[in-house]
Amino acid sequence: MLAWNTGSIRRKLMLSVAAGVLTVSGYAQAEETLKLGALGVMSGPFAGWGGVMCQTFKSRAGMWNDDGGVKIGDKTYKIDVVCVDDKADPKGAQTGAEKLISDGIKYIQGPNTDSTAESAKTVMEANKAINMPYAFSKSLYTPPASQSILGMVASYQVGPIIYKWLMDNKGIKKIAFLCENNADPLNQRNEGSAAAKGLGLEVVSDQETYESGTTDFFPVLTKVIGTSPDHIVLSGVNPSDVGPLIKAARELGFTGTMSTETGQDPKAIYEVAGEAANGFIVAGGASTEEIRSDFMVKFIERYTKDWGEWNDVAGLFVYGPEIMVQTLQKAGPAALEDTEAFKAALDGFVGTNPFLKDGGELKYVGRKDYGQPRQVSVPIVVQAVKDGQYEPLFVGALND
Amino acid sequence: MTQVLLNALVVGTTYALIALGITIIFSIMKVVNFAHGQLYMIGGFVVYYFNVVFGLPFWFGLLMSFLIVGALGVVMELFLFRPVMLRVKREEVTMLLAMGTAVFLESLALIVFGEKQRGVPPIATGIFELFGARLPTGRVVVIFIAAALIIALMAFIGYTKTGRALRAMAQDREATALQGVNLKWLSAMGFGLGTGLAGLAGGLLVAIFAVHTGAGTAVSIKAFLMIMIGGAGVLSGAILGGFVLGVLESVGYALLPGSMTFLVIFLIVIGFLIVRPNGIMGKPWG
């Protein structure tokens, strides 16, 4: 264990140093290079999202480059990923988007929150750059907006599915919502609460919130648990709060079920909450052992080699670069200069999903929710934590 | 209501422990150490590495969190704050320096420790039930340790030669130097004591909460709030400020909608500071 961790740190430092050296020397002068971007929150409590998104993109790019690069038209390109940390600040997202675009980048993964994605949207639309946010605001994807593509399943899409499953399988009748006092989680809470009411559930608490940076969740959970819910939804919970919240709820005697609709790493949750984490329900990626393909196993190995430790959220983020590059290959060289060619390819695009054991298609959906194909067809994988791993409860597909 | 009072006790005790370090540094250096939360965070990771990664006892990790973060504080004083304070007398320069140090430490921590939240195995298992309220045994242990540390620190400051020298330096540096006290050594030691306490708080509280590299900023803001309530630079004021904030937070969450709690707390603090700008204790440390 000691050797593994010191090795991990050494690897991280070496990668950082190597990245700096490569940047300074302006590498890839002899090869065609395709620059792609990642813009998201890579520091602070949300680093478990944007930081992992950047690392995922770099690891996937490393695999493409090791295989000789990506062929688009007649040329083969090495992928160079440029990451920018927006620090979850809308202004940072705007300047970050401008920086990436001024660097000649037209395809960007992220941002990670509604407020940053809305802020970056103006830059993306004005400069005709494509971005793939992990934010659920419908205005990002609905006409006249056209440059943003939702990279995951939205909370308002998966929430009702989870609540219905819990009603049918666990017999829940009363539900409570708890979230951070922040725009994104508040939106997700409101949407979740409305969906729960629509399903006939009694919402016993949906007004309680906690401030960013809260360390002790006993005070706020005391009030929520006092309403005797059968199920608690942690709406839009960030990866740094989820473990302490579960632990505190169980210590306060809550015996019902709990869930969230945002991506989480089961090992980190289990490390903090211990056995109390077992049964916690998460809508996640496609890296669950039972459903992952051999290719996903290879990706997990690569990510672990690059960054020292696997993070399950990477199993969700890897869909972004994958469909982005597959679409560029289909749209052809014209899309490298003009994103209109990329957008024209979205409608009929059907790619292959290399991450699921049973294969399947990768395509763009979202016509029902957004009026145009502006969502990646990430599978709906609902899973529960079990001793630091996920076990899938059910797998579904997004309606178009 | 019993649960609310127990919550207030736990939150207040942990906050008091957090506030002690920042007030010691303020009192002897007149520096508002905005990197306090980042040092707290590093203390949490030190315990995590010694306990979980290296497999050593939690108590050893706790000791190391004090020593390592304390040593880091000494380095900060010797190579960052002292040279700057010798050249510039404007207080905002040291505040900016502290903020810059906070950003540096947080960025470095992200590279070294990674993005994941970390926790340690419980130091005690079981739950106490008191009039229907629940108090996990781990929290009871942490409260007692925190209380013991606070008492030990008060005794050290109040009754030892070094503690008296620290108090003297906080009141009048020149007069203290005239008594033959080595101010350079004492400043470094005092700064190290303050940061060591931040590390100790982070190391202790990781046993009941968790730690991640972004935890520092919120801790710094709350620590600053506590010493403003209690009286900046006053040791007992920091403890009182911690308890006041803990009670306000716990009772606020019980009586108000969650989104209103800190809004009301800040309004109370603003109103209080208008009436009593030096905080509850309202006098220089000592």
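Residues numbered from 1 in each chain as written. Chains lettered and ligands numbered in written order. Predicted model: local features only at pLDDT ≥ 70, side-chain atom pairs only at ≥ 80, totals over all residues. Heavy atoms only, no water.

1. With respect to the overall build of chain A
Counting secondary structure elements, chain A contains 15 helices and 15 strands. The C-alpha atoms of chain A give a radius of gyration of 21 Å, which matches the 21 Å a tight globule of 400 residues would have. Overall size of chain A, expressed as C-alpha extent along the three principal axes, is 65 × 55 × 40 Å. Relative to its 400 residues, chain A shows a buried fraction of 62%. Sequence-distant contacts in chain A: of pairs separated by 6 or more residues, those separated by 24 or more amount to 66%. Here chain A displays about 14400 Å² of accessible surface, and carbon together with sulfur accounts for 52% of that area. Between the mean site of the 38 positive side-chain charges and the mean site of the 48 negative ones, chain A shows a separation of 2 Å. (Helix = DSSP H or I, 4+ residues; strand = E, 2+ residues; numbered from the N terminus. Rg over C-alpha atoms; globule rule 2.2 N^0.38 Å. Buried < 20%, exposed > 50% of the residue type's maximum accessible area, 1.4 Å probe, protein only. Contact = heavy atoms within 4.5 Å. Areas by Shrake-Rupley, 256 points an atom, 1.4 Å probe, with all protein chains shown as cover. Lys, Arg positive; Asp, Glu negative; His and termini not counted. Charge placed at Lys NZ, Arg CZ, Asp CG, Glu CD.)

2. Focus on the state of the cysteines
Residues and elements named next belong to chain A. All told, the structure shown has 1 disulfide over all chains when counted by the stated rule. Paired by a disulfide, Cys-54 and Cys-83 hold their sulfur atoms 2.1 Å apart. As the torsion about the S-S bond is roughly 95°, the Cys-54-Cys-83 disulfide counts as right-handed. Residue Cys-54 is found in helix 2 (residues 47-66), and its partner Cys-83 is found in strand 3 (residues 75-85); the two are separated by 29 residues along the sequence. Judged by relative accessible area, which is 10%, Cys-54 ranks as buried. (Disulfide = S-S within 2.5 Å.)

3. Regarding the side chain of Arg60(A)
All names here are of chain A. Structurally, Arg-60 can be placed in helix 2. By relative accessible area, which is 5% here, Arg-60 ends up buried. Those residues within four positions of Arg-60 in sequence are excluded, and the remaining contacts are Phe-295, Phe-299, Val-318, Pro-321 and Glu-322.

4. What about the interface of chain A and chain B?
On the chain B side, the residues contacting the 52 residues of chain A number 41 residues. Taken over both partners, the interface formed by chain A and chain B buries close to 3700 Å², and the fraction arising from carbon and sulfur atoms is 54%. Across the contact surface, chain A and chain B share 6 salt bridges. Only helix 1 (2-25), helix 2, strand 7 (202-210), helix 7 (218-225), helix 8 (242-251) and helix 9 (266-273) of chain A provide two or more residues apiece to the side of chain A that touches chain B. A per-class count over the side of chain A that touches chain B returns 21 nonpolar, 18 polar and 13 charged. (Buried area = accessible area lost by both parts, 1.4 Å probe. Salt bridge = Lys/Arg side-chain N within 4 Å of Asp/Glu carboxyl O. Nonpolar A, V, L, I, M, F, W, Y, C, P; charged D, E, K, R; others polar.)

5. Observations regarding the environment of Gly216(B)
Residue and element names in this part refer to chain B. Counting through the fold element by element, Gly-216 comes out in helix 9 (residues 216-230). When the C-alpha positions of Gly-216 and Tyr-40 are compared, they lie 6.7 Å apart, and in sequence the two are 176 residues distant. When residues no more than four places from it in sequence are discounted, the contact partners of Gly-216 are Gly-37, Gln-38 and Met-41.

6. Some points on the domain arrangement of chain A
All names here are of chain A. Each assigned domain of chain A is listed with its residue range as follows: domain 1 (2-152 + 292-377) and domain 2 (155-288 + 383-396). The straight-line distance from the C-alpha centre of domain 1 to that of domain 2 is 28 Å. At the junction of the two partners, domain 1 supplies 26 residues and domain 2 supplies 25 residues. Between domain 1 and domain 2, a total of about 2000 Å² is buried, with carbon and sulfur atoms accounting for 50% of that surface. Among the residues domain 1 hides against domain 2, the three largest losses belong to Trp-49, Phe-136 and Asp-312. Together they make up 32% of the total. Between domain 1 and domain 2 we count 1 salt bridge in total. Notably, a salt bridge pairs Glu-309 with Lys-267, separated by 3.2 Å at the nearest N-O pair. Between the two partners, domain 1 and domain 2, sit 7 residue pairs in polar contact (both at pLDDT 80 or more). Secondary structure elements with two or more residues in the side of domain 1 that touches domain 2: helix 2, helix 4 (114-127), helix 10 (294-307), helix 11 (314-317) and helix 15 (367-370). (Domains from an automatic or database assignment. Polar contact = N/O pair within 3.5 Å; in protein donor to acceptor, adjacent residues only side chain to side chain.)

7. Details of helix 3 (residues 58-87) of chain B
Residues and elements named next belong to chain B. Under the 1.5 Å per step criterion, the end-to-end length of helix 3 is 42 Å for 30 residues, consistent within 8% with the ideal 44 Å. Along its length, helix 3 reaches its greatest deviation from straightness, about 40°, at Glu-77. Residues of helix 3 that are buried include every one of Phe-58, Gly-61, Leu-62, Met-64, Ser-65, Val-69, Gly-70, Gly-73, Met-76, Glu-77, Phe-81 and Arg-82, and no others. On its buried face, helix 3 is in contact with helix 1 (2-29), helix 2 (36-53), helix 4 (91-113) and helix 8 (183-205). (Expected span 1.5 Å × (residues − 1). Bend = angle between axes of the 7 residues up to and from the residue.)

8. Some thoughts on the packing of helix 2 of chain A against helix 12 (residues 319-331) of chain A
Residues and elements named next belong to chain A. The N-to-C vectors of helix 2 and helix 12 enclose an angle of 45°; their axes lie 9 Å apart at closest approach. With respect to helix 12, the element helix 2 is oriented oblique. As for how helix 2 packs across helix 12, the hand of that crossing is right-handed. Contacts between helix 2 and helix 12 pair Phe-57, Arg-60 and Trp-64 from the former with Pro-321, Glu-322, Met-324 and Val-325 from the latter. In terms of residue class, the contact of helix 2 with helix 12 is made up of 5 nonpolar, no polar and 2 charged. (Axes fitted to C-alpha atoms, helices over the stretch in contact; angles between N-to-C directions. Parallel < 35°, antiparallel > 145°, perpendicular 65-115°, else oblique. Left-handed = near helix turned anticlockwise from the far one by under 90°.)

9. As for a negative patch on the surface
Residues and elements named next belong to chain A. Together, Glu-275, Glu-289, Glu-290, Asp-387 and Glu-391 give the surface a local cluster of negative charge. Relative to the elements of secondary structure, Glu-290 occurs in the loop between strand 10 (281-284) and helix 10. Judged by its relative accessible area of 42%, Glu-290 is partly exposed. (Patch = residues over 30% accessible without salt bridge, like charges linked within 9 Å, V, L, I, M, F, W, Y side chains within 5 Å.)

10. Comments concerning the sheet that holds strand 8 (residues 231-235) of chain A
All names here are of chain A. Pairing in this open sheet of 7 strands is mixed, and the strands run 7-6-8-9-10-14-15 from one edge to the other. Each of the sheet's edge strands pairs with one partner strand only, and the pair in question is strand 7 and strand 15 (389-396). Each strand axis lies, on average, 25° off the axis of its neighbour in the sheet, ignoring direction. Of the pairings in the sheet, the one linking strand 10 to strand 14 (residues 380-386) comprises 4 bridges and is antiparallel in character. Counterpart to Val-282 in the pairing with strand 14 is Gln-383. Those strands touched by helix 8 are strand 6 (174-180), strand 7, strand 8 and strand 9 (257-260), and its axis lies near 165° from that of strand 9. (Pairing = 2+ DSSP bridges.)

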